Amino acid sequence: MSNPFESPSNQPSPNVIDAVVVGTGFGGLYALYCLRQMGFSAIAFETGDGVGGTWYWNRYPGARCDVESLQYSYSFSPELDQEWTWTEKYAPQAEILAYANHVADRFDLRRDIRFSTRVTAATFDEKSARWIVETEKVDGSGGDRVEARFCLMAVGCLSSANKPPFAGMADFKGPIWHTGEWPQEGVDFAGLKVGVIGTGSSAIQSIPLIAEQAKALTVFQRTPNYSVPAWNAPLDPEHVAKVKADYPALRAKARARPTGFYFPFNAKPALEASPEERRRQYEEFWASGGLPFLGAYGDLLFNKQANDTIADFAREKIRSIVKDPATADLLCPDNVFGCKRLCVDTGYFETYNKPHVKLVDVSATPIERFTAEGIVVAGTLHALDAVVSATGFAAMTGSYEKIRITGRGGLTLAEKWRAGPRTYLGVASAGFPNLFMITGPGSPSVLASMIQAIEQHVDWMVDLMAHMRDTGARTFDPKVEDEDGWVDHVNEVSQVSLRSTCSSWYVGANVAGRPRVFMPYIGGFPVYVQKCNEVMDRGYDGFVLAGATAGNAAPEVRLTKRWHVPLDMDVISPAMLAARRVPVV
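Keep in mind that what you see is a predicted model, and the values were worked out from it rather than measured.

1. Digging into helix 15 (residues 480-496)
Turning to step 1, where the next piece is worked out: With 17 residues, helix 15 extends 25 Å between its outermost C-alpha atoms, agreeing within 8% with the 24 Å of an ideal straight helix rising 1.5 Å per residue.
Turning to step 2, where the next piece is worked out: Tucked inside the fold, the buried residues of helix 15 contact helix 13 (413-416), strand 19 (475-478) and helix 16 (525-537).

Here you go:
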């Protein structure tokens, strides 16, 4: 039998390789590292002129991670853990980008990356069982055509900017910047009348800093969002040293948590506490800040009455901060607390107390149009010199839509996903053999610590590739019935949580015309990892391994050894598991 991992001539070819990686954020960088470690040839294509993915593109003022920096990092290298030192509780964009560059340099990854190159098409050739990947240079100077046995999509969950086509945008005389495509040189807002469209995470982070510079700031809000103070601060060197002294223990605790990162959690139900006890608990968690605020009680995302108590507390906080009652009312959400991604801020609500900051409600009367001079709402022109579009992303699937991906029988991924994404385990989609989706829809992805989710996915994928090499398998492809079962399970579990009760980017509601499907897996990171382990241990149950000499034999466990993790029973009780009530942030 011929080896499917060799080119037809048995000679290395620069355009015939084992794997193509699309994107060089944290997913793409780790994929390159693992592929090389396992002896696979690989090339990565990156649209930008540097690594970092979302942290390369999102350079807007105030951009920073909402997972504490000591946990928002790779865990595969103990040496990397020790040599890199974070400086703040929540790392800013520049520091995270510096970390990504350090990783690329330390592990010599750049030699396998083709920068400023956009992947335009990936077509599966059924005769050769190879992916034909076509690219173009960003400057239009040409492109490549590469054949690869495998294609690993590391395109990111929040990387395709959502740009609503407001009428008259071309008439506006000033610049319009999207937070997800921020100029590398930065923006000087001094002396400008600035408009910000949106009040999601990027707006909540950037508005306080824009307000410090701008002559006047007008915020156009469709839907208010809950936000919890970050209480960001420089990291205590003694605390950092303590964590580094036993980093593996922190990593192990994090992997056992539904979120993939560790924080104090109170499993008791909110309604069993007295109002006075709840207030003390909420005040304590508010004083700590950040996403762990949702860990104040164990039933906040599963019991509407319990959720009402934390939502009331958050609205009370907003009204205590914002001095103008009418503005405070506009800033108070009326939906489920945590239904949308909880935001983390520094001085966001306080910003509306500044005399040059104005909030415009566009929920009932949307933006009518842009003019040369500004934005018109309800017949009123708001004069502006510049506009920041903080309108988020076409989450989870947007970057796939930018590439023409064609599988068996000429079926495109866009056609298959017309009614919503369909995957098995969030790693692959039936009819698209040997195509991996790192943190794809149907996996925990954005509901977990992203770097942990990335590492688990890549380890699992590269182990499957190694198993195929061991057994001579030509292709892997999910079985349709197993994929259907997984999609049904993802949808069923999402209904248990209150997260499914509002319109959010989790279901694609922020982009007009998109199907409403809950895309990430909400069942919890360790529950998901156990499922992946079971599939692997049963010889990749649910996949067809075509050409394998040993059929679906149990594989040699390599990279995935570290992902056999227990459930943290301090968080997930048997009763909660039985009801599929897995708390998440």
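Here the narrative resumes.
2. Topic: the pattern of salt bridges
Turning to step 1, where the next piece is worked out: Taken as a whole and judged by the stated rule, the model has 27 salt bridges.
Turning to step 2, where the next piece is worked out: A salt bridge links Glu-283 to Arg-279; the nearest nitrogen and oxygen atoms lie 3.4 Å apart. Separated by four residues within a single helix, Glu-283 and Arg-279 lie in helix 8 (residues 275-288), roughly one turn from each other.
Turning to step 3, where the next piece is worked out: Measuring nitrogen to oxygen at the nearest pair gives 3.2 Å for the salt bridge that ties Glu-556 to Arg-558.
Turning to step 4, where the next piece is worked out: One network of salt bridges, in which partners are shared, links Arg-279, Glu-283, Glu-316 and Lys-317.

3. A few points about the pairing of strand 2 (residues 42-45)
Turning to step 1, where the next piece is worked out: Taking every second residue as pointing to the same face, both faces of strand 2 are buried, with Ala-42 and Ala-44 on one and Ile-43 and Phe-45 on the other.
Turning to step 2, where the next piece is worked out: The pairing of strand 1 (residues 16-22) with strand 2 spans four bridges and is parallel. By the bridge assignment, Val-22 is partnered in strand 2 with Phe-45.
Turning to step 3, where the next piece is worked out: Crossover strand 1 to strand 2 through helix 1 (residues 26-37) is right-handed.
Turning to step 4, where the next piece is worked out: Both strand 2 and strand 3 (residues 113-114) contribute to a ladder of two bridges, which runs parallel. The residue bridging Phe-45 from the neighbouring strand is Arg-114, located in strand 3.

4. Some remarks on the packing of helix 14 (residues 450-471) against helix 16
Turning to step 1, where the next piece is worked out: Where helix 14 meets helix 16, the axes come as close as 12 Å, and the angle between the chain directions of the two elements is 0°. Looking at the two axes, helix 14 sits roughly parallel to helix 16. For the pair helix 14 and helix 16, contact is made by Gln-452, Ala-453, Gln-456, His-457, Trp-460 and Asp-463 and by Phe-525, Tyr-528, Val-529, Cys-532, Val-535 and Met-536, respectively.
Turning to step 2, where the next piece is worked out: Tallied by class, residues from the contact of helix 14 with helix 16 come to eight nonpolar, three polar and one charged.

5. Examining the sheet that holds strand 13 (residues 367-370)
Turning to step 1, where the next piece is worked out: The strand order across the open sheet formed by three strands is 13-14-15, and the pairing between neighbours is antiparallel. At either end of the open sheet lies a strand with only one pairing partner, and these are strand 13 and strand 15 (380-383). When strand polarity is set aside, the average angle formed by the axes of neighbouring strands in this sheet is 25°.
Turning to step 2, where the next piece is worked out: In this structure, strand 13 lies alongside strand 14 (residues 374-377), joined through three bridges in antiparallel fashion. Bridging across to strand 14, Phe-370 finds its partner in Ile-375.

6. Remarks on the sheet that holds strand 12 (residues 357-361)
Turning to step 1, where the next piece is worked out: Strand order in this open sheet of five strands is 7-16-8-9-12, and the pairing throughout is parallel. The open sheet has two edge strands with one neighbour each: strand 7 (176-178) and strand 12. Here the average twist between neighbouring strands, direction ignored, is 20°.
Turning to step 2, where the next piece is worked out: Two strands pair when backbone bridges link them, and strand 8 (residues 193-197) and strand 9 (residues 216-221) are joined in this way by five bridges, in the parallel orientation. Each residue of the ladder has a partner; that of Ile-197, found in strand 9, is Phe-220.

Cut-off values and rules
The residue numbering used here restarts from 1 in each chain and proceeds along that chain's sequence as written. Two thresholds apply to this predicted model, a pLDDT of at least 70 for residue-level local features and 80 or more for giving and counting side-chain atom pairs, whereas whole-chain, interface and lining totals are computed over all residues. Note that the side-chain values use all heavy atoms of the structure and ignore hydrogens as well as water. Only DSSP runs of H or I covering at least 4 residues are called helices, and only runs of E covering at least 2 are called strands; the numbering of each starts at the N terminus. The span you would expect from a helix comes to 1.5 Å times its residue count less one. Note on contacts: a residue pair is in contact if any heavy atoms of the two residues lie within 4.5 Å. What counts as a salt bridge is simple: a side-chain nitrogen of Lys or Arg found within 4 Å of a carboxyl oxygen of Asp or Glu. A simple rule labels every residue: compare its accessible area, found with a 1.4 Å probe on the protein chains alone, to the largest value its type can have, and call it buried under 20%, exposed over 50%, or partly exposed in between. By definition, two strands form a pair when at least two bridges between them are found by DSSP. Seen with its strands pointing away from the viewer, a crossover is right-handed if its path from the first strand over the helix to the second goes clockwise. To define axes, lines are fitted to C-alpha atoms, for helices over the stretch in contact only, and angles between the resulting N-to-C directions are given on a 0 to 180 degree scale. Angles below 35 degrees are treated as roughly parallel, those above 145 as roughly antiparallel, those between 65 and 115 as roughly perpendicular, and all remaining angles as oblique. Throughout, the ten residues Ala, Val, Leu, Ile, Met, Phe, Trp, Tyr, Cys and Pro are labelled nonpolar, Asp, Glu, Lys and Arg are labelled charged, and all others, Gly among them, are labelled polar.

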